[in-house]
Amino acid sequence: EIVLTQSPEIQSVTPKEKVTITCRASQSIDNDLHWYQQKPGQSPRLLIKFASQSISGVPSRFSGSGSGTDFTLTINSLETEDAAAYYCHQTYSLPWSFGQGTKVEVK
Amino acid sequence: QVQLQESGPRLVKPSQTLSLTCSVSGDSINTDTYFWSWIRRHPGKGLEFIGYIYFTGDTYYNPSLKGRVTMSVDLSKNQFSLKLSSVTAADTAAYYCARVDTALSTPFHDWGQGTLVTVSS
């Protein structure tokens, strides 16, 4: 099974700051890496697919980069509504797996 | 716009079988376009992929669940189901159904709202 390791586990940020979350895979997964946002009481929402492809309806301040084993989710100019848990997810090989999550807190 | 909705008992006793159903509206399960999936999130922890079922009844289960998982599909009701046997407190989680395109490596785009299942005597 491919293990995804996210860092940091928690990030406390002030509005308008830039947020960077990293996800490292235990082996190369090409660009089969996706990012989700999950708020309390809600289901996960797809933010970025295939490492860097945007999703319709997702604000442009969310962007992704990386390939192989190292990936990054960037939130430019954080807004209060961005307080949530963020997960990376690989679909390179079964069983599909998720990172342990990064909680973004807004100060 | 497809909608997925989980239903089933919220409280299950240890050693019993957890049973959930996902009702799909706005699209037909009887299609070769999607895998119909289950994912769970343990309280305070990350997401875990449980497995998926195809409209033909073909399945994939995560080996981490050690043979305790059974999925089925009911085309007439446009539903698919999850059974998890011999549950313990470690199976307490929010369970989500979701669909994923069968095209190579696509992510989960459509999710149900999720249902919290507690395993306790």
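Cut-offs used in this document
- Think of each chain on its own: its residues are numbered from 1, step by step along the sequence as written.
- Note on labels: chains are lettered from A, ligands numbered from 1, in written order.
- pLDDT decides what is reported in this predicted model: residues at 70 or higher carry local features, side-chain atom pairs at 80 or more are listed and counted, and totals for whole chains, interfaces and linings draw on all residues regardless.
- Excluded from the side-chain calculations are hydrogens and water; all other atoms, namely the structure's heavy atoms, are used.
- Here, two residues are considered to be in contact whenever any of their heavy atoms come within 4.5 Å of each other.
- The term buried area means the drop in 1.4 Å probe accessible area that two parts suffer when joined, counted for both and summed.
- Think of a polar contact as two N or O atoms within 3.5 Å of one another; within protein, one of them needs to be a possible hydrogen donor and the other a possible acceptor, and neighboring residues in sequence only count if both atoms come from side chains.
- Helix and strand assignments follow DSSP, with helices taken as H or I runs no shorter than four residues and strands as E runs no shorter than two, numbered in order from the N terminus.
- Asp, Glu, Lys and Arg are counted as charged, while Ala, Val, Leu, Ile, Met, Phe, Trp, Tyr, Cys and Pro are counted as nonpolar; the rest, among them Gly, fall into the polar class.
- Classification of residues uses two cut-offs on accessible area relative to the type maximum, computed with a 1.4 Å probe and protein chains only: under 20% is buried, over 50% is exposed, and between them is partly exposed.
- The criterion for strand pairing is that DSSP finds at least two bridges linking the strands in question.
- Here an angle of 0 to 180 degrees is reported between the N-to-C directions of two axes, which are lines fitted to C-alpha atoms, with helices fitted over the stretch in contact.
- The rule is short: rings of Phe, Tyr and Trp, with Trp giving its six-membered ring, pair when the centres are within 6.5 Å, and they are stacked under 30 degrees, edge-to-face over 60, tilted in between.
- Throughout this description, the term charge over a ring refers to an Arg CZ or Lys NZ atom that lies within 6 Å of the ring centre and within 35 degrees of the ring normal.
- Salt bridge, as applied in this entry: a Lys or Arg side-chain nitrogen positioned within 4 Å of an Asp or Glu carboxyl oxygen.

Caption draft 1: Region of interest: the interface of chain A and chain B. Contact residues are listed per partner, giving 21 residues for chain A and 23 residues for chain B. Counting each side, the surface lost to burial between chain A and chain B is near 1800 Å², with a carbon and sulfur contribution of 65%. The tally of links between chain A and chain B comes to nine residue pairs in polar contact (both at pLDDT 80 or more). Where the side of chain A that touches chain B is concerned, the elements lending two or more residues are strand 4 (33-38), strand 5 (45-49) and strand 9 (84-90) of chain A. Of the residues that constitute the side of chain A that touches chain B, the class distribution is eleven nonpolar, eight polar and two charged.

Caption draft 2: A look at the pairing of strand 9 of chain A. All names here are of chain A. Burial analysis of strand 9 places seven of its seven residues in the buried class, the great majority of the element. Of the two faces of strand 9, the one carrying Ala84, Tyr86, Cys88 and Gln90 and the one carrying Ala85, Tyr87 and His89 are both buried. One ladder, built from six bridges, connects strand 4 with strand 9; its direction is antiparallel. In the strand pairing of strand 9, Gln37 is matched with Tyr86. Judged from the three bridges that link them, strand 9 and strand 11 (residues 102-106) form a sheet pairing that is antiparallel. By the bridge assignment for strand 11, Tyr86 is matched with Thr102. Of the pairings in the sheet, the one linking strand 9 to strand 10 (residues 97-98) comprises two bridges and is antiparallel in character. Bridge pairing in strand 10 places His89 opposite Phe98. Connecting strand 9 to the antiparallel partner strand 10 that follows it, the hairpin turn spans six residues.

Caption draft 3: Representation of the sheet that holds strand 7 (residues 62-67) of chain A in the model. Residue and element names in this part refer to chain A. Spatially, 1-3-8-7 is the arrangement adopted by the four strands of the open sheet, whose pairing is antiparallel. Pairing within the sheet leaves two strands with one partner each, and these edge strands are strand 1 (4-7) and strand 7. Across the sheet, the axes of successive neighbouring strands diverge by a mean angle of 15°, strand direction being ignored. Both strand 7 and strand 8 (residues 70-75) contribute to a ladder of six bridges, which runs antiparallel. Considered in strand 8, the bridge of Gly66 is made with Phe71.

Caption draft 4: Expanded view of the packing of aromatic side chains. Applying the stated rule across the entire model yields 19 aromatic pairs over all chains. Note on Trp36 of chain B and Phe80 of chain B: the rings are 5.7 Å apart at their centroids and 50° apart in plane angle, and the pair reads as tilted. On the criterion of sequence distance, the pair formed by Trp36 of chain B in strand 4 (residues 34-41) and Phe80 of chain B in strand 8 (residues 79-84) is long-range, its members being 44 residues apart. No difference in accessibility class separates Trp36 of chain B from Phe80 of chain B, as the two residues are buried. Seen in terms of ring centroids, Phe108 of chain B and Trp111 of chain B are 5.6 Å apart; in terms of plane orientation they differ by 65°. Their pairing is edge-to-face. For the residue pair Phe108 of chain B and Trp111 of chain B, the accessibility class agrees, reading buried in each case. An aromatic cluster is built from Tyr36, Trp96 and Phe98 of chain A together with Phe35, Phe49, Tyr52, Tyr54, Phe55, Tyr60, Tyr96, Phe108 and Trp111 of chain B, whose rings are joined through pairwise contacts. Taking NZ or CZ as reference, Arg99 of chain B lies 3.9 Å from the ring centre of Tyr34 of chain B, over its face.

Caption draft 5: Local environment of the pattern of salt bridges. Under the counting rule described, the total for this entry stands at ten salt bridges over all chains. Of the charged contacts, one joins Arg99 of chain B and Asp27 of chain B as a salt bridge, the two residues approaching to 2.6 Å between their closest N and O atoms. Taken together, the residues span a long stretch of sequence, with Arg99 of chain B in strand 9 (residues 93-101) and Asp27 of chain B in the loop between strand 3 (18-25) and strand 4 at a distance of 72 residues. Judged by its relative accessible area of 9%, Arg99 of chain B is buried. On the basis of relative accessible area, Asp27 of chain B is assigned to the partly exposed category, the value being 31%. Here Arg40 of chain B makes a salt bridge to Asp91 of chain B, at a shortest N to O gap of 2.9 Å. Of this pair, Arg40 of chain B sits in strand 4 while Asp91 of chain B sits in the loop between strand 8 and strand 9; the two residues are 51 residues apart in sequence, bridging distant segments of the chain. Judged on exposure class, the residue Arg40 of chain B and its partner Asp91 of chain B are both buried. Look at the salt bridges and you will find they share partners, linking Arg61, Glu79, Glu81 and Asp82 of chain A into a network.

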